[in-house]
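Single-letter residue listing:
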Amino acid sequence: MLSLLSLAPILKAFIALIFSGITFPLCGVMVLRLDLVPLRYALMHGVILGGAIALAIDISPLAIIILVNLFIVFLIIKIPSSNSFSSAAAMVFSMGLASLLIHTFNVPSKDSLQLLWGSPFALSYLDIAILSILTIIVINFLIFNFKKVTAIFFDKSIAKSLGINVNYYYNFMIVIIALCVALAMRLIGALLIDSLLILPVLIASRLSKGTKSLFLLSSAFGLLLSLSGFFTTLYLDLPLSATIALIAVFIYSIISILKYLKKRKHHD
Amino acid sequence: MENYLKPLIESTTLNIFNNDKLIFKSYSSWLYPLFEFESFLNNSTKKYDNLSAHDTTGGKAAAALMIKYNIKKVNFNLISEGAKLLLESQNIETHYTKIIDKLMCKTEDLFEKETNINTIYEQIKKRVNKSKGLPIEIKNLSIGYNNNTIYTFKEILIKAGDALIIEGDNGIGKTTFIKTLLREIPPLKGKILINNKPINKLEPKTIGYIKQEKENQTFPISVKEVVSMGINNKLTKIEKNYLIDTSLRKCKAIDLINRNYYSLSGGEKQKVSLARCLCQKAKILILDEPTSFLDITSKNQLIKLLKSLKKSEMPTIIIITHDKDLKQELNWKTYKMERPNA
């Protein structure tokens, strides 16, 4: 099985999964702590639209996806009130237009399905490079701004009272999330982004007692999920994103059951 | 058994006896109980010539103060080796439950090599007098949104280290006032001066803000992370840990340091929030309905803590509240926001 790593597409997927396993959950912590779940849905749909545009005009999808997502983020920042309504409108628009483009430009269904399920073994070196840069940016951002980020997660008014430029850091985190979702689509598809974005965070939240340990454990579980999914995929010849998703749910369920049993024992 | 050898009860941190009769007790922390005793001695006309004391923790600083106050017999729950040697060098009868090499605090580090009682005393006094609040002056201040005035204050003057309770009906503008003080929204007219400077020139972290919390969140944040939010990043790791430790001790919340903040009770959260403000060295504390969602025990603990912090830390305090019991117990100056034709 390990000899398969000598094949370029497999190796690229392996490297991408290491970076994404570490980075996507860090963005997932931001999504959940900043209550940006509607934004995440909007971005996932934006990814489908960006992918559909790229397939329709037959160019590499990543750049278009990133541009569409950044545009969605720009709109949502500029229309801050009724955030969830803006996100809902953006979602419906994205899916409607994507469907129209796929139909109008006769995009093959195989290519359309890749938008939903990802194409981890079709990544380019550019994709890997962008993913590695995002990883470096996210990790450095969190290391150098941890206290500010924690304060913003805790309470924006209190963060402002501490002299933190909340809008700046908030908008920066939204942009990072937009880039992360764009890259996640290429790797694991629009529908199963949560398997590396959100589920590792939910698993980690059952075990951590603070924000630092939440970030660290989320990243650790993300890496565990991505690598276990990768090797399981190779061994059993299964689709990668689905495998990662199912392993994630399995681990989350086990930990939830163990926590419940521990709580019950404590009460008894 | 003499009374100073008996255990301290409830949350008492210091008992002082004269001829085995209790003459003074304190619930404060750090060295403040001893400073309170000093004020007690200065204000008393009686002479006390057979003093004994039971204190929770004794470092060299506490030992020096006890020698200064002519206490002849001491009993500590926890004492440092340096404190014991200092006391014994002055022939003070010393008892203790537990002894350690050194207390983990900066005050102990500061006096590690010092043996002169007067020098230790002068240096402690200097450290204590560093914490002060700032004066606040509000004149003809109109607050509101989008040029719509919600409320106008004619004049409010709060001296440095003083406290003010602000009360008013729902919807009168209390929250808008807090937002204006926190510079979330600008004043529509008039001015707010803090330490004679306009509020927009205020240094960051001057104001410590404590708001009421309605709900817990799913995702954890540790008490240490909350308390250290506003800490000065230029401090070394040891200095930061010392500051976090001391702030939590002053608020009687040191046991909570490794807990998830959202697993705490309402009263515990308020203690941690106060510790956060101490850690950031806030000169002004703004508390928004601090007793909401607190049970009676937690409310009483908070009131005790606020009174103690006002004496020991001396920040300027503004409390916005509906709570009549809180007003009564604190007995601080009150400003009532009223509608013009009320």
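Overview of the structure. By convention here, each chain's residues receive numbers from 1 onward along its written sequence. The naming scheme follows written order: chains are lettered A onward, ligands numbered 1 onward. The predicted nature of this model means local features are confined to residues of pLDDT at least 70 and side-chain atom pairs, given and counted, to a pLDDT of 80 or more, with totals for whole chains, interfaces and linings taken over all residues. Remark: hydrogens and water are excluded; side-chain values derive from all non-hydrogen atoms of the structure.

## Overview of the sheet that holds strand 3 (residues 51-58) of chain B
All names here are of chain B. DSSP calls a pair of strands paired once it identifies at least 2 bridges connecting them. In this description a helix means any DSSP run of H or I spanning at least four residues, a strand means any run of E spanning at least two, and both kinds are numbered starting from the N terminus. Strand order across the open sheet formed by five strands is 2-1-3-4-5, with mixed pairing between neighbours. This sheet does not close on itself; its edge strands, each paired only once, are strand 2 (21-26) and strand 5 (93-100). Neighbouring strand axes in the sheet, compared pairwise and without regard to direction, differ in orientation by 15 degrees on average. Here five bridges tie strand 1 (residues 14-18) to strand 2, and the two strands are oriented antiparallel to one another. Residue Phe17 lies in a different strand from strand 2, and its bridge partner there is Leu22. Where helix 2 (residues 60-68) meets the sheet, it contacts strand 1, strand 3 and strand 4 (71-80), and its direction lies at approximately 170 degrees from that of strand 3. Lines fitted to C-alpha atoms define the axes here, with helix axes fitted over just the stretch in contact, and angles between the N-to-C directions of these axes take values from 0 to 180 degrees. Two residues qualify as a contact provided that any one of their heavy atoms is within 4.5 Å of a heavy atom in the partner residue.

## Observations concerning the layout of surface pockets
Residues are called lining when one of their atoms sits within 4 Å of a cavity or pocket point, these points coming from a 1 Å grid over the protein atoms alone, where a cavity is a set in which a 1.4 Å probe fits but cannot get out and a pocket is an open set with protein on both sides within 12 Å along at least five of seven lines. Grid points are joined across faces, edges and corners, and a volume is the space filled by probe spheres set on the points. Here the largest pocket is characterised by a volume of approximately 1,100 Å³. Ile143, Phe146, Lys147, Thr150 and Lys212 of chain A are the residues nearest the centre of the largest pocket, which is lined by 35 residues in total. Going through the elements one at a time, helix 1 (8-33), helix 6 (125-154) and helix 11 (211-236) of chain A together with helix 7 (223-227) and helix 8 (237-250) of chain B are the ones with two or more residues in the lining of the largest pocket. Top element by residues in the lining of the largest pocket is helix 6 of chain A. It accounts for nine residues. Residues are grouped as follows: Ala, Val, Leu, Ile, Met, Phe, Trp, Tyr, Cys and Pro are nonpolar; Asp, Glu, Lys and Arg are charged; all remaining types, including Gly, are polar. Looking at side-chain class alone, the lining of the largest pocket contains 15 nonpolar, eleven polar and nine charged residues. Of the voids in this model, the second largest pocket is the one considered here, and its volume is about 870 Å³. Put simply, the parts of the chain that give the lining of the second largest pocket at least two residues each are helix 1 (32-43), strand 3, helix 2, helix 4 (106-110), helix 8 and helix 9 (266-279) of chain B. No other element matches the five residues that helix 8 of chain B contributes to the lining of the second largest pocket. A breakdown of the residues in the lining of the second largest pocket according to their chemical character gives 15 nonpolar, nine polar and eleven charged.

## Regarding the packing of aromatic side chains
Each pair of aromatic rings taken from Phe, Tyr and Trp, with Trp reduced to its six-membered ring, is defined by centres within 6.5 Å and is described as stacked if the planes are under 30 degrees apart, edge-to-face if over 60, and tilted in the remaining cases. Inspection of the entire model under this criterion finds 20 aromatic pairs over all chains. When the centroid spacing of 5.1 Å and the interplanar angle of 80 degrees are considered together, the rings of Phe154 of chain A and Tyr261 of chain B count as edge-to-face. Of the two residues, Phe154 of chain A sits in helix 6 while Tyr261 of chain B sits in the loop between helix 8 and helix 9, which places them in two different chains. Relative accessible area decides the class of each residue, using a 1.4 Å probe on protein chains only: under 20% of the type maximum gives buried, over 50% gives exposed, and in between gives partly exposed. Classification of Tyr261 of chain B as buried rests on a relative accessible area of 0%. Grouped by ring-pair contacts, the aromatic residues Phe24, Phe37, Phe40, Tyr48 and Tyr69 of chain B constitute a single cluster. Two conditions define a charge located above a ring, namely a distance within 6 Å from the ring centre to NZ of Lys or CZ of Arg, and an angle within 35 degrees of the ring normal. The aromatic ring of Tyr125 of chain A is capped on one face by Lys12 of chain A, whose charged end is 4.6 Å from the ring centroid.

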